[in-house]
Amino acid sequence: MNMIANHLPTAELQALDAAHHLHPFTAGDELKAKGARVITQARGITLTDSDGKEMMDGMAGLWCVNIGYGRDELAEAAAAQMKQLPYYNTFFQTTHVPAISLAKQLADLAPGTLNHTFFASSGSEANDTNIRLVRHYWAAQGKPEKQVIISRGNSYHGSSMGSASLGGMEPMHAQGGLPIAGIEHIGQPDWYGEGGDMDPDEFGLLRARELEHKIAELGEDKVAAFIAEPIQGAGGVIIPPASYWPEIQRICDAHEILLIADEVICGFGRTGNWFGIETLDIRPDMMTIAKGVTSGYVPLGGSMVTDAVAEVLNGAGDFNHGYTYSGHPVSCAVALENLRIIAEEGLVAHVRDTAAPHLAKKWGALADHPMVGEARSIGLMASLALSPDKTARAVFDVPAGTVGLRCREASFDLGLVMRHVGDRMVISPPLVISEAEIDTLVERAWQAIDRAYGWARSEGLIKGD
Ligand code: PXG
C-alpha cells in the first residue's frame, strides 16, 4: 500500500493541521509558521514523512516503540481481539481473558512480589492512580494523615493534574496552578548539571539524603510515598551517581513510606533488563508501567504493586477509582503479543549483550567532540551535554536549549530523530536496533553536533575561540 501517494500535498496537510489540531508541547503560532512534520509510515527503526524523506527514529517514537515499527503480529492480535470481544469493562466484579492473561504475564515478568496490576491507558493515568492508591493504602491502615508524596525536581511523571504535579518540570507547573496540594519535591541527582566541585558519589549521597531531610521536615506520619524514575528520561537521561539509589533504598526501608518506581520509560527492556529496577537494584513497593508494554501500538498503562500492598488494598473495601478503559481487551491482547515478541526474540538480551555495549562505546566517543561535555548511556538510553567549555561543564551565554534546538534541527536534516532537553541531546532507539544502525545513528549525531558547533562558533558562543 503506497500511503505516500494517498494523501494531500504536505503544505495542505500542514495548513489543515495548524487550523484544527491543538498539539502537545508545541507553540501554535510556530506551528502555523513552519508547519508540522507529517509522518506517514514506518518500518523497523525508519520513519517516512509526507515528502518521502526517511529518518532513523532515534527516539522510538516517544521512548515507546521498543520492538520497532511494522510488526504485523500486533495488528493481527488487535484485529482478532476486536472481532472476539472489542470492549468490556473490568468494574464491578467483571473481567475478561486478555486482562487476566496480561496481569498474570506482568506478574511473571516483574521482579520480587510485584504481582498485581491496576490497569490504565497511559503513564499519566497510572501515576494519578498511584496518588489515590497510596493514600487509600495508608487510610486502610488507620493512617489517613499519611498523604504527602515526595518527588524530584526535573522528573517527568505525566501531564494530568496529578501526574504533572508529581513531575518536577517548572514550565509545566507554571501553567494551570500546579502542583496540587500534598506533593513535595527534592533535588535531582544530576551531577553534571548541579554537582559543582563535588565527587559524583558524594553528590549522589547528598541528593539522596534530601529525601531523609524532607521526611523529617514533614513528619514521617504525614508522608505516604516517594516516587522516582530509576533513570530520568524526559529530564535529559540523567544517570544517577552509583551511590544514589542504594541510599534512597536505605532511607525508604528505614522509614514507613512506600517507594514507587516509575518504569514508564525504563521498563520492558530499555536498560538491558526487563525493568530498570533490576539494572539499578531497586526494590519498590509499586511500579508504574506504560509505553513499552505495548511498544506504543495501542495505549496501555498500569500500576503494579507487591503482595504486601495488594493484601492491604484487598482488605480495604471498594477502591473508588477506575477508567472506562482499565484493562481494555484490545490493549491487553496487543501487550501480550508485544511481550511475547520481546521474550521470544531475545530483545532484552540483545540490548544487554550486544546493542548497549556497542552504543556505550560509540556514543561515549562523542565526548571527543569539542562541544560535548559528557556523553553517557545505560542500556539503550543515552544523552550528551553540549557545552561551550567542556572542561568547566559550562553553559552557553544564550537561553538554555538554543544550541540544543539547532542540533536537533540539524539532526532531522541529516535523517536522525534525536531529541533535545535544554542543551542535552538524548536518544532512546527501538530495542531492535543493530550494531550497524547504531554506527549510522552516532555518525549522524556527530555531524549534527558539528553543524550546531559551526553555528555556535559563528555566534561567538564558544569559549576561547
Ligand atoms: N512517567 C514517565 C517516566 C514518563 O516518561 C509518563 C510517566 C507519562 O506517560 P503518558 O503515557 O501519560 O505520556 C512518561 C511520559 C519527552 C516525552 O518528550 C516523555 C514522555 C511523554 C511525552 C514526551 O521526553 N514520557
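Not measured: the values here are computed from a predicted model. (Residues numbered from 1 in each chain as written. Predicted model: local features only at pLDDT ≥ 70, side-chain atom pairs only at ≥ 80, totals over all residues. Heavy atoms only, no water.)

Caption draft 1: Representation of the nonpolar core in the model. One finds Leu 106, Leu 211, Phe 226, Phe 268 and Phe 275 to be the most contacted residues of the largest nonpolar core, which totals 46 residues. The element contributing the most residues to this core is helix α14 (residues 329-344), with seven residues. When residues are assigned to domains, this core turns out to be shared by domain 1 (37-67 + 346-458) and domain 2 (73-344), each giving three or more. What Leu 106 contacts, discounting residues up to four positions off in sequence, is Leu 114, Thr 117, Phe 119, Phe 268, Ile 289, Val 293, Met 304 and Leu 339. Within the second largest apolar cluster, 38 residues are counted, among which are Leu 359, Phe 396, Leu 416 and Ala 456. (Core = buried A, V, L, I, M, F, W, Y, C linked by side-chain atoms within 4.5 Å. Buried < 20%, exposed > 50% of the residue type's maximum accessible area, 1.4 Å probe, protein only. Helix = DSSP H or I, 4+ residues; strand = E, 2+ residues; numbered from the N terminus. Domains from an automatic or database assignment. Contact = heavy atoms within 4.5 Å.)

Caption draft 2: Spatial organisation of the sheet that holds strand β14 (residues 419-421). Judged by pairing direction, the sheet is antiparallel, and its four strands sit side by side in the order β11-β12-β15-β14 without closing on themselves. The open sheet has two edge strands, β11 (372-378) and β14, and neither has a second partner. When the angles between neighbouring strand axes are averaged without regard to direction, this sheet yields 20 degrees. With three bridges connecting them, β14 and strand β15 (residues 424-427) associate as antiparallel partners. Paired with His 420 across the strands is Met 425, a residue of β15. Together, β11, β12 (381-386) and β15 form the strand contacts of helix α15 (residues 347-364), whose direction differs from that of β11 by roughly 180 degrees. (Pairing = 2+ DSSP bridges. Axes fitted to C-alpha atoms, helices over the stretch in contact; angles between N-to-C directions.)

Caption draft 3: Local environment of the sheet that holds strand β9 (residues 286-289). Across the sheet, which stays open at both edges, the seven strands sit in the order β4-β10-β9-β8-β7-β5-β6 with mixed pairing between neighbours. With one partner strand each, in any of the chains shown, β4 (114-120) and β6 (183-186) form the two edges of the open sheet. Adjacent strand axes in the sheet meet at a mean angle of 25 degrees, parallel and antiparallel pairs treated alike. One ladder, built from three bridges, connects strand β5 (residues 148-152) with strand β7 (residues 223-228); its direction is parallel. Paired with Ile 150 across the two strands is Phe 226, which belongs to β7. Of the strands in this sheet, β4, β5, β6, β7, β8 (258-262), β9 and β10 (301-306) are in contact with helix α6 (residues 123-140), which crosses β9 at around 160 degrees.

Caption draft 4: Quick look at the packing of helix α4 (residues 72-84) against α14. With their axes 8 Å apart at the nearest point, α4 and α14 run at an angle of 150 degrees to one another. As far as their axial angle goes, α14 and α4 are roughly antiparallel. The two elements α4 and α14 meet at a crossing, and its hand is right-handed. On α14, the residues touching Glu 73, Leu 74, Ala 77, Ala 78, Gln 81 and Met 82 of α4 are Pro 329, Val 330, Ala 333, Val 334, Glu 337, Asn 338, Arg 340 and Ile 341. Residues that form the contact of α4 with α14 fall into these classes: nine nonpolar, two polar and three charged. (Parallel < 35°, antiparallel > 145°, perpendicular 65-115°, else oblique. Left-handed = near helix turned anticlockwise from the far one by under 90°. Nonpolar A, V, L, I, M, F, W, Y, C, P; charged D, E, K, R; others polar.)

Caption draft 5: Spatial organisation of the layout of surface pockets. Reported here for the second largest pocket is a volume of approximately 990 Å³. Taken together, 30 residues make up the lining of the second largest pocket; nearest its centre are Thr 90, Thr 117, Phe 118, Asn 314 and Phe 319. Elements that contribute at least two residues to the lining of the second largest pocket include exactly α5 (97-109), β4, α6, β10 and α13 (307-314). In terms of residues, the lining of the second largest pocket owes the most to one element, β4, which gives five residues. (1 Å grid on protein atoms, 1.4 Å probe; cavity = no way out; pocket = protein on both sides within 12 Å on 5 of 7 lines; lining within 4 Å. Points joined across faces, edges and corners; volume = space filled by probe spheres on them.)

Caption draft 6: Here's a closer look at the domain arrangement of the chain. For the chain, the assigned domains read domain 1 (37-67 + 346-458) and domain 2 (73-344). Inter-centroid distance (C-alpha atoms) of domain 1 to domain 2 is 26 Å. Where domain 1 touches domain 2, the interface holds 19 residue pairs in polar contact (both at pLDDT 80 or more). Of all the secondary structure elements, the ones that give two or more residues to the side of domain 1 that touches domain 2 are α3 (60-63), α15, β11, β12, β14 and β15. The element that contributes the greatest number of residues to the side of domain 1 that touches domain 2 is β11, accounting for five residues. Among the residues making up the side of domain 1 that touches domain 2, the classes are represented as 19 nonpolar, eight polar and six charged. (Polar contact = N/O pair within 3.5 Å; in protein donor to acceptor, adjacent residues only side chain to side chain.)

Caption draft 7: A look at the site of the ligand. The environment of the ligand is formed by 16 residues, the closest being Trp 63, Gly 123, Ser 124, Asp 262 and Arg 419. Between Gly 123 and the ligand, the recorded distance is 3.0 Å, taken from a backbone N or O atom to an oxygen atom. Out of a free accessible area of 540 Å², the ligand has 85% covered by protein chains. Listed by contribution, the elements that provide at least two residues to the shell around the ligand are α3 and α6. It is α6 that contributes the most residues to the shell around the ligand, three residues altogether. Both domain 1 (37-67 + 346-458) and domain 2 (73-344) contribute no fewer than three residues apiece to the shell around the ligand. (Near = heavy atom within 4 Å. Areas by Shrake-Rupley, 256 points an atom, 1.4 Å probe, with all protein chains shown as cover.)

Caption draft 8: Expanded view of the environment of Ala 140. Within the fold, Ala 140 resides in helix α6. In this structure Ala 140 comes out as partly exposed when scored by relative accessible area, which is 39%. Setting aside anything within four residues of it in sequence, one finds Ala 140 in contact with Val 312 and Ala 316.

Caption draft 9: Layout of α15. Taking 1.5 Å as the rise per residue, α15 with 18 residues should run 26 Å; its terminal C-alpha atoms sit only 22 Å apart, a clear shortfall. The sharpest bend along α15 reaches about 40 degrees and sits at Ala 355, with the proline Pro 357 one to four residues further on. (Expected span 1.5 Å × (residues − 1). Bend = angle between axes of the 7 residues up to and from the residue.)

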